[in-house]
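Topology and contacts: notes
Chain residues, written in single-letter form:
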Amino acid sequence: MSQRTLGPLTARLLQAGGLALLTLTTGCGGGSDETSKVSSNSQVTAAPSAGVVAPAKVEVIAGLTGCKVKIRTDADELREGVCETAKGDYLITTFPEERFKLTWLDSASIYGGKYLVGTRWVVSAPEALLKEFRSELGGTIQQL
């Protein structure tokens, strides 16, 4: 990241990503209980009629959002990239399996906020960007 001071949203997102990585690397799995926790705490909006659904690859999702991504975490359970743009900073996190995403969302729910969520990927960004990205990526905006 650059030498500038992190904003409160970016700091919160970095904390959520670190907590999620810690949770994933300590062997916590995503069972059906975790699915119900995320679902009961989420408000899902209807999916757009986007013609493209982003694959679960950080670089491809970044390209669709107009960002040259910097990979911050490259682990077996997730890959995370940071985008710093004039419109705002955001994180793109991808997962090799859906259960890792559900564990990450459950961990991030303690921080609250809105996220754009797709199959095996999550974008953490300011709400205005989430709405813009949704038309390109598909997915749903979830309030945790």
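Our structure is the block above this text.
Reference entry: report on the structure contained in this document. (Residues numbered from 1 in each chain as written. Predicted model: local features only at pLDDT ≥ 70, side-chain atom pairs only at ≥ 80, totals over all residues. Heavy atoms only, no water.)

Looking now at the nonpolar core. Among the nonpolar cores identified, the biggest contains 17 residues, and Tyr90, Ile92, Leu116, Val123 and Phe133 are the most heavily contacted of them. Of all the secondary-structure elements, those providing two or more residues to this core are helix H3 (58-65), strand E4 (88-94), strand E6 (121-124) and helix H5 (127-137). The element contributing the most residues to this core is H5, with four residues. What Val123 contacts, discounting residues up to four positions off in sequence, is Ile61, Tyr90, Leu91, Ile92, Tyr115, Leu116, Leu130, Phe133 and Leu137. (Core = buried A, V, L, I, M, F, W, Y, C linked by side-chain atoms within 4.5 Å. Buried < 20%, exposed > 50% of the residue type's maximum accessible area, 1.4 Å probe, protein only. Helix = DSSP H or I, 4+ residues; strand = E, 2+ residues; numbered from the N terminus. Contact = heavy atoms within 4.5 Å.)

Another aspect to go through is the environment of Phe95. Here Phe95 lies in the loop between E4 and helix H4 (98-108). Judged by its relative accessible area of 2%, Phe95 is buried. What Phe95 contacts, discounting residues up to four positions off in sequence, is Ala56, Glu77, Leu78, Phe100, Lys101, Trp104, Arg120, Trp121 and Val122.

Before going further, it helps to spend a moment on the pairing of E4. Buried residues dominate E4, accounting for seven of its seven residues. Of the two faces of E4, the one carrying Gly88, Tyr90, Ile92 and Thr94 and the one carrying Asp89, Leu91 and Thr93 are both buried. Looking at chain direction, strand E3 (residues 79-85) and E4 are connected through seven bridges and run antiparallel. Residue Cys83 lies in a different strand from E4, and its bridge partner there is Tyr90. Counted along the chain from E3 to the antiparallel partner E4, the turn is two residues long. Bridging between E4 and E6 involves four bridges; their strand directions are antiparallel. Within E6, the position partnered with Thr93 by the bridge is Val122. (Pairing = 2+ DSSP bridges.)

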